[in-house]
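# Overview (structure and organization)
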Amino acid sequence: MTAITESVDLDRRGRIAVLTVNNPPVNALSQHVRQGLRDGVRAANADTSVDAIVLACAGRTFIAGADISEFGKPPREPGLHEVLDLIERGPKPVVAAIHGTALGGGLEVALACHWRVAVKSARVGFPEVKLGLLPGALGTQRLPRVAGVEKALQMIVSGDPITADDALKHGVIDEIVDGDLTAAAVAFAEKVVREKSPLRKIRDLDEKVAAARGKPEIFANFRKSVARQTRGFRAPENCIKAIEAAVNLPFDEGVKRERELFVELLNSPESKAQRYFFFAEREAAKIPDVPADTPAKDIKKAGVIGAGTMGGGIAMNFANAGIPVTVVEVTKEALDRGLAVVRKNYEISASRGRFTAADVEKRMGLITGTTDWNAVKDADIVIEAVFEEMPVKKEVFARLDGIAKPDAVLATNTSTLDVNEIASATKRPESVIGTHFFSPANVMRLLENVRGAKSSKTAIATAMAVGRRIGKVPVLVGVCYGFVGNRMLHQRGLQAEKLILEGALPHQVDKVLTDFGFPMGPFAMSDLAGLDVGWRIRKGRGTKSPVADRICELGRFGQKTGGGYYTYESGDRKPIPDNEVEKIIVDVATSMGITRRPIADEEILQRLLYPMVNEGAKILEEKIAIRASDIDVIWVYGYGWPVYRGGPMFWADQIGLKSLRDRMLEWKKQSGDDFWTPAPRLARLADQGKGFLDK
Ligand code: 3HC
Ligand code: NAI
């Protein structure tokens, strides 16, 4: 075996050369990999005792793409285009041997080879769109030539990988092999040599793209079908344009067009934000004082206390991951009601084709409902989701303390209560941790894990690991009112209320945020959640929210009563602005002595989002979040912050903290309101000309 570079080896199996990439963890196409592939292919082509080449990978996967950490840095030779050209135009057959995931540049390498074999568990795809990019090494030109235009559009614009079976069906791979992959690929190469098969260069295939030529409706219809999901993103449109070029231009012209469209994306703010976010998400898994090798408890069985809105959704997460879960309720009626909702949710998913009727039964079969607390005595983790009242929570935890296994993790889904106080109801506060799910708990990806003062490293490692296992993105936060997400949301809510009194209307405020990229604005969101909940809390506490209170007094509780801040037509969730509400707003403003004025969209946006950033700065100062990027992960996965704007802290850095701070000071001067006092960390970084994310 010869080492071509630090990450590429050249080996021989008879007359077949085997080039193996070994660049852990995911064999990304770093400079030394590209160089190794180029030099290895050159050496094999020059060696007269070699008939064909197999390109394989060591470790857990085939090449998973370009090395994302190299983007934005000066390019280093050789470029991927050069390497792929060398592979495809070479005189000897090259066979890609795929296991794990051949993604992005990895799939582009495979498509430059003359044939592709894969193990059955392999998956292939172009996830570039998720980084705000397009497959920039001829993927948009080669994929439609093997898979057809419709399949290429679907794969490249969704970014989702497909299975080996699907890839075989669509001509993306040529064979699924059993047993030892390299041996099978070598056998495939020997057969190609023996049969003197002409080299299959995808660039020369025209049939599948020709089928779409002169049919612009294919693209028009596709654009329409993805318009909703792709709103605000820049990359999907460029992906489509590149595939159009594959259909309408000769191969080399198409390649040029792909390049232009790729470079445009590479330099776009959207891609910069999405690439930042890729690493932010992975960074959130790292906890400085709880290293990756901290033993986490293996969760074989879970318990959930309470089968209400959240408890049912939380139980579904476990069942979806194949983990048996026992749900405890106070009464049989509450239990039956809760489990019926779970079943209904599963049946809706099945009716939409997400899984089969048998899957519904399988998942329901993993959920056991009971009113007997002893049923959670062997659970490895118990998550409490009962009423949000401290005495109830404490009673539940005291009771759990007497029943749960000594090493079980005891978790609370509280959204506002002090996790430390809840933990104090047990004799094992080290086993207690917050697991703050977001509603609907079976859908939303964010999981804020709340570290109590005494939470053990095992409890933390377990909450993080089990969160990932059930498909969530866990972010560790500290104890404070509202934790990270809701604490920041509260600041935005305060300004939303002020803005409508000062002159804006709910639909204007909401539109500013939906134009920014949020799925919904604060008023439409309140109507969805129901205005009565907050009203009842305010009445209990003796506090007021003048406009919301007046709306509630009319029995307008939001969507469920056909009206709240907006009016809704029966069976339709579309918010319609309402004159009656406008009148209430104007009345309340007048009674408070406020002179309403037109408010520009820019001011609305800044007044809604700057206070969130400022609160984020306080959260960092108080060490409630480990790092600024964790706050961004929370906002993207928990609240629909558009990922192409990175998250509030990244976004603030792009604006420049000085400009943000100065704006706040102006408002402070105008209004005399301390609300606008910049947080010390914001002020300090602004003075230093730095951002939250600067190292
Ligand atoms: N470049 C650089 N680093 C990468 C990387 C890449 N393409 N893909 C993964 N990594 C790093 C991660 O940051 C992580 O590092 P860490 O351990 O220090 O945090 C490590 O590899 C492991 O990654 P994951 O935690 O994500 O591992 P998983 O096993 O969960 O997932 C994966 C593996 C499915 C390959 C996933 O990492 C992934 O989706 N990677 C990105 C794939 C991608 O987007 N490829 C396209 C790149 S763009 C491109 O190819 C452009 C081309 O068209 C020119
Ligand atoms: P819910 O009122 O829908 O459900 C609570 C359930 O707990 C009820 O079914 C009730 O019968 C049951 N229950 C009450 N006391 C019990 C006890 N002693 N033993 C067993 N079961 C008991 O409430 P929801 O909305 O599910 O909230 C639960 C928790 O989740 C609260 O702490 C809440 O703050 C939190 N949360 C709620 C979110 C939401 O959007 N609804 C979002 C995130 C957290």
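Residues numbered from 1 in each chain as written. Chains lettered and ligands numbered in written order. Predicted model: local features only at pLDDT ≥ 70, side-chain atom pairs only at ≥ 80, totals over all residues. Heavy atoms only, no water.

## Focus on the site of ligand 1
Neighbouring residues of ligand 1: 23 residues in total, closest Arg-60, Ala-66, Gly-105, Glu-128 and Arg-282. A distance of 2.9 Å separates a nitrogen atom of ligand 1 from a polar atom in the backbone of Ala-64. Interatomic distance of 2.9 Å between a side-chain N/O atom of Glu-108 and an oxygen atom of ligand 1. In isolation ligand 1 offers 980 Å² of accessible surface; the protein chains occlude 72% of this area. Elements with a contribution of two residues or more to the shell around ligand 1: helix H3 (105–112) and helix H12 (269–283). The dominant element in the shell around ligand 1, judged by the number of residues it contributes, is H12, at 3 residues. Taken together, the residues that form the shell around ligand 1 break down as 13 nonpolar, 4 polar and 6 charged. (Near = heavy atom within 4 Å. Polar contact = N/O pair within 3.5 Å; in protein donor to acceptor, adjacent residues only side chain to side chain. Areas by Shrake-Rupley, 256 points an atom, 1.4 Å probe, with all protein chains shown as cover. Helix = DSSP H or I, 4+ residues; strand = E, 2+ residues; numbered from the N terminus. Nonpolar A, V, L, I, M, F, W, Y, C, P; charged D, E, K, R; others polar.)

## Considerations on the sheet that holds strand E8 (residues 123–125)
As summarised here, the arrangement of the 3 strands in space is E6-E8-E9, forming an open sheet in which the pairing is mixed. Strands at the two margins of the open sheet, each flanked by one partner only, are strand E6 (101–103) and strand E9 (162–163). Direction of pairing for E6 relative to E8: parallel, over a ladder of 3 bridges. Paired with Ala-102 across the two strands is Val-124, which belongs to E8. This element, H3, spans E6 and E8 of the sheet and lies at about 90° to E6. (Pairing = 2+ DSSP bridges. Contact = heavy atoms within 4.5 Å. Axes fitted to C-alpha atoms, helices over the stretch in contact; angles between N-to-C directions.)

## Examining the pattern of salt bridges
Counted under the stated rule, the structure contains 63 salt bridges. Notably, a salt bridge pairs Arg-257 with Glu-260, separated by 2.7 Å at the nearest N-O pair. Highlighted residues: Arg-257 and Glu-260, both in helix H11 (residues 251–266), separated by 3 residues, approximately one helical turn. By relative accessible area, Arg-257 is classed as partly exposed at 28%. The class for Glu-260 is partly exposed, based on a relative accessible area of 48%. For Arg-607, the salt bridge identified is with Glu-603, shortest N-O distance 2.9 Å. (Salt bridge = Lys/Arg side-chain N within 4 Å of Asp/Glu carboxyl O. Buried < 20%, exposed > 50% of the residue type's maximum accessible area, 1.4 Å probe, protein only.)

## Here's the deal with the layout of surface pockets
Reported here for the second largest pocket is a volume of approximately 580 Å³. Residue lining of the second largest pocket: 21 residues in total, with Tyr-276, Ser-629, Leu-693, Asp-694 and Lys-695 positioned closest to the centre. Of the residues forming the lining of the second largest pocket, the biggest block, 5 residues, is contributed by H12. Among the residues forming the lining of the second largest pocket, the class breakdown is 10 nonpolar, 3 polar and 8 charged. (1 Å grid on protein atoms, 1.4 Å probe; cavity = no way out; pocket = protein on both sides within 12 Å on 5 of 7 lines; lining within 4 Å. Points joined across faces, edges and corners; volume = space filled by probe spheres on them.)

## Focus: the environment of Asp-293
With respect to the secondary-structure elements, Asp-293 resides in the loop between H12 and strand E11 (302–305). The sequence separation of Asp-293 and Ile-63 amounts to 230 residues, and the corresponding C-alpha distance is 26 Å.

## Structural notes on the site of ligand 2
Taken together, the neighbourhood of ligand 2 is formed by 22 residues, with Met-310, Glu-329, Glu-388, Lys-393 and Ser-415 sitting nearest. A distance of 2.7 Å separates an oxygen atom of ligand 2 from a polar atom in the backbone of Met-310. Measuring from an oxygen atom of ligand 2, one finds a side-chain N or O atom of Asn-413 at 2.9 Å. Against a free-state accessible area of 820 Å², the protein chains account for coverage of 77% of ligand 2. When residues of the shell around ligand 2 are traced back to their parent elements, those giving at least two are helix H13 (309–320), helix H16 (390–403) and strand E16 (432–437).

## What about the pairing of strand E14 (residues 381–384)?
Taking every second residue as pointing to the same face, both faces of E14 are buried, with Ile-381 and Ile-383 on one and Val-382 and Glu-384 on the other. Alignment of E11 against E14, held across 4 bridges, turns out to be parallel. The residue of E14 that forms the bridge with Ile-305 is Glu-384. Pairing of E14 with strand E15 (residues 409–412), which is carried by 4 bridges, proceeds in the parallel orientation. Note that in E15 the partner of Val-382 across the bridge is Leu-410. The parallel pair E14 and E15, bridged by H16, forms a crossover whose chirality is right-handed. (Right-handed = clockwise from strand over helix to strand, strands pointing away.)

## Overview of the environment of Ser-268
With respect to the element layout, Ser-268 can be found in the loop between H11 and H12. In this structure the C-alpha to C-alpha distance between Ser-268 and Ala-235, which are 33 residues apart in sequence, comes to 9.3 Å. At a separation of 2.6 Å, a polar atom in the side chain of Ser-268 contacts the main-chain carbonyl oxygen of Leu-265.

## Notes on empty space enclosed by the protein
For the structure on display, the rule yields 1 cavity of 30 Å³ or more. Taken as a whole, the largest cavity holds about 40 Å³ of empty space. Lining the largest cavity, in full, are Phe-318, Ile-381, Ile-383, Thr-435, Phe-437, Leu-447, Asn-449, Ala-463, Val-466 and Ile-470. Taken together, the elements giving at least two residues each to the lining of the largest cavity come down to E14, E16, strand E17 (446–451) and helix H18 (457–469). Its residues assigned to classes, the lining of the largest cavity comprises 8 nonpolar, 2 polar and no charged.

## Concerning the domain arrangement of the chain
The assigned domain composition of the chain is domain 1 (2–266), domain 2 (302–477), domain 3 (485–591) and domain 4 (605–688). For domain 2 and domain 4, the distance between their C-alpha centres works out to 32 Å. Between domain 2 and domain 4, the contact holds 9 residues from the first and 8 residues from the second. Linking domain 2 to domain 4 there are 0 residue pairs in polar contact (both at pLDDT 80 or more). Those elements that provide at least two residues to the side of domain 2 that touches domain 4 are E17 and strand E18 (473–478). In terms of residue count, the dominant contributor to the side of domain 2 that touches domain 4 is E18 (4 residues). Looking at the side of domain 2 that touches domain 4, its residues break down into 7 nonpolar, no polar and 2 charged. (Domains from an automatic or database assignment.)

## Section: the sheet that holds strand E10 (residues 175–177)
Strands sit in the order E1-E2-E3-E4-E5-E7-E10 across an open sheet of 7 strands; the sheet is mixed. What marks the edges here is a single partner per strand, and that holds for strand E1 (2–5) and E10. Neighbour to neighbour, the strand axes of the sheet diverge by 25° on average, direction disregarded. Relative to E10, strand E7 (residues 115–119) runs parallel, the two being bridged by 3 bridges. Looking across to E10, one finds that Val-117 is bridged to Glu-175. The strands touched by helix H7 (residues 181–194) are strand E2 (8–13), strand E3 (16–21), strand E4 (52–57), strand E5 (94–98), E7 and E10; relative to E7, the strand with the most contacts, the crossing angle is about 150°.

## Considerations on the environment of Glu-244
Of note, Glu-244 is situated in helix H10 (residues 235–248). On a C-alpha basis, the gap between Glu-244 and Phe-437 in space is 42 Å, while along the polypeptide they are 193 residues apart. When sequence neighbours within four positions are dropped, the list of residues in contact with Glu-244 reads Phe-219 and Arg-223. Among the polar contacts made by the side chain of Glu-244, one reaches the side chain of Arg-223 at a distance of 3.1 Å.

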